[in-house]
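Observations on chain architecture
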Amino acid sequence: MNKYVTVEELVDTLDVKLVAGAEFMNRQIISSEVSRPGLILAGFKDYYPSERIQLIGRTEIAYLQAQSSQERIEKFRLICRHDTPAIVIARGIVVPAELALVSNEMKVPVLSARSKTSRVLANLTNYLEGKLAERFSKHGVFLEVFGMGVLITGTSGVGKSETALELIQRGHRLIADDRVEFYMIDELTLIGEAPEILQNLLEIRGLGIVDVMSLYGVSAIVRSKSLELIIEMVLDDGQIEYDRLGSKQEYERIFDVQIPRIRIPVKSGRNLAAIIEAAAMNFRATQMGYDATESFNQKLDALIRANREG
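Residues numbered from 1 in each chain as written. Predicted model: local features only at pLDDT ≥ 70, side-chain atom pairs only at ≥ 80, totals over all residues. Heavy atoms only, no water.

Put simply, the test is: UniProt positions are given in the numbering used here, feature names are shortened, and annotations may be inferred rather than shown by experiment.
For the protein chain, the name recorded in an unreviewed UniProt entry is HPr kinase/phosphorylase, with Facklamia hominis CCUG 36813 as its organism. Regarding the protein chain, the relevant UniProt record gives this comment under Sequence similarities (unreviewed entry): "Belongs to the HPrK/P family." The Cofactor (unreviewed entry) comment attached to the protein chain in UniProt states, word for word, "Mg(2+)".

Next up, the structure:
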């Protein structure tokens, strides 16, 4: 089934208000792209993406004001099509009477936004991309640790939620527990968030469902975050070999994005919350150019050379 957003949802979420066409608020928006219809208003008719929201700014309005009333009606008929979800006027500009007439005739709602045109374009695009993007659900606990989006994964019962609870008590923030929905906003960035029914909730075995916001306050949760690191918790049965120096970087592919992954063995007595904090800080240091493994190797090489020369 195709995804869509209704015009009513758009009005309820963004800083736009309905000016005309209240009875057409159930129009469906199926494209995250927003069109500036300057070319078609000027007479270029070879290509017109009528299925997109049409955004009119000061430039288009200035051009239309130089036309007669009948010419404006004809031009507005060019952009108000049966599949046009909505017309948005930026900068709080008064909606031309001819547009209100034509939009009512074609059953296209007209919206008004106070912000400048470029800001309205960015807000509309960001919102629609988040709503209409393909989504991928992954099992795990998603947290903001030292400002980073960290996904904790592992088999059921390994202690993901209990570790997350300790991290929250240490001042980090919960995004999602059990099921995390990811969507791609560009070729390098994945955004993760909780399904609406699971927002703010954390399931602890033996305790049940905990409402993190009620217990720890609004500062303990965040609605969404970009995914930067995956930490896989693995039960240590003594059979798995681990990279003791951290010289091998593993990745996990979600959509077309390669996300760094670290595997942490789980066994009795280990403070997993502290280890995850250290992993996040070490990963951030590596991103900033400091590599502890490389530093160790350089010191080791220098020590070997010194022993040979001695």
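**Side note on the packing of aromatic side chains**
We count it as follows: Whether two aromatic rings pair depends on their centres lying within 6.5 Å, for rings of Phe, Tyr and Trp, where Trp uses its six-membered ring; planes under 30 degrees apart make the pair stacked, over 60 edge-to-face, and the rest tilted. We count a stretch as a helix when DSSP gives it H or I for four or more residues in a row; a strand needs E for two or more, and each element gets its number in order from the N terminus.
One pass over the full model with this rule turns up 2 aromatic pairs. On the basis of an interplanar angle of 70° and a centroid distance of 6.1 Å, the ring pair of F136 and F255 is categorised as edge-to-face. Taken together, the residues span a long stretch of sequence, with F136 in strand β8 (residues 135-139) and F255 in the loop between β18 (250-254) and β19 (257-266) at a distance of 119 residues.

**A closer look at a positive patch on the surface**
The following threshold applies: To count toward a patch, a residue needs a relative accessible area over 30% and no salt bridge; like charges are then connected within 9 Å, while nonpolar side chains (Val, Leu, Ile, Met, Phe, Trp, Tyr) are connected within 5 Å. For the accessible areas, the method is Shrake-Rupley and the probe is 1.4 Å, while residue cover comes only from the protein chains on display. Salt bridge, as used here: a side-chain nitrogen of Lys or Arg that lies within 4 Å of a carboxyl oxygen of Asp or Glu. Positive residues here are Lys and Arg, negative ones are Asp and Glu, while His and the chain termini are left out of the count. Working definition for charges: the position is that of NZ of Lys, CZ of Arg, CG of Asp or CD of Glu.
On the surface, R58, R91, K116 and R119 cluster together into a patch of positive charge. Summarising the element assignment, R58 is placed in helix α3 (residues 58-65).

**Notes on the domain arrangement of the protein chain**
Stated formally: An automatic or database domain assignment supplies the residue ranges for each domain.
Entries for the protein chain in the domain assignment read domain 1 (5-132) and domain 2 (135-296). Relative to domain 2, the C-alpha centre of domain 1 lies at a distance of 42 Å.

**A look at the UniProt feature "active site" (unreviewed entry) in the protein chain**
To keep things clear, this is the line we draw: Polar contact is defined as a pair of N or O atoms within 3.5 Å, subject to the rule that within protein one atom must be able to donate a hydrogen and the other to accept it, and that residues adjacent in sequence are counted only when both atoms are side-chain atoms. Contacts are residue-level and defined by heavy atoms, with any inter-residue pair within 4.5 Å sufficient.
Under the present numbering, the feature "active site" (unreviewed entry) in UniProt falls on H139, K160, D178 and R244. Tracing the chain through its elements places K160 in helix α7 (residues 160-169). Side-chain polar atoms of K160 contact the backbone oxygen of G154, separated by 3.1 Å. Within the secondary structure, D178 sits in the loop between β11 (173-176) and β12 (179-186). The residues contacting D178, other than those within four sequence positions of it, are K138, H139, G140 and L198.

**As for the side chain of S103**
Note the following rule: Classification of residues uses two cut-offs on accessible area relative to the type maximum, computed with a 1.4 Å probe and protein chains only: under 20% is buried, over 50% is exposed, and between them is partly exposed.
With respect to the helices, strands and loops of the structure, S103 is situated in helix α5 (residues 97-106). By relative accessible area, which is 1% here, S103 ends up buried. In contact with S103, not counting residues within four places along its chain, are A20, F24, C80, V108 and V110.

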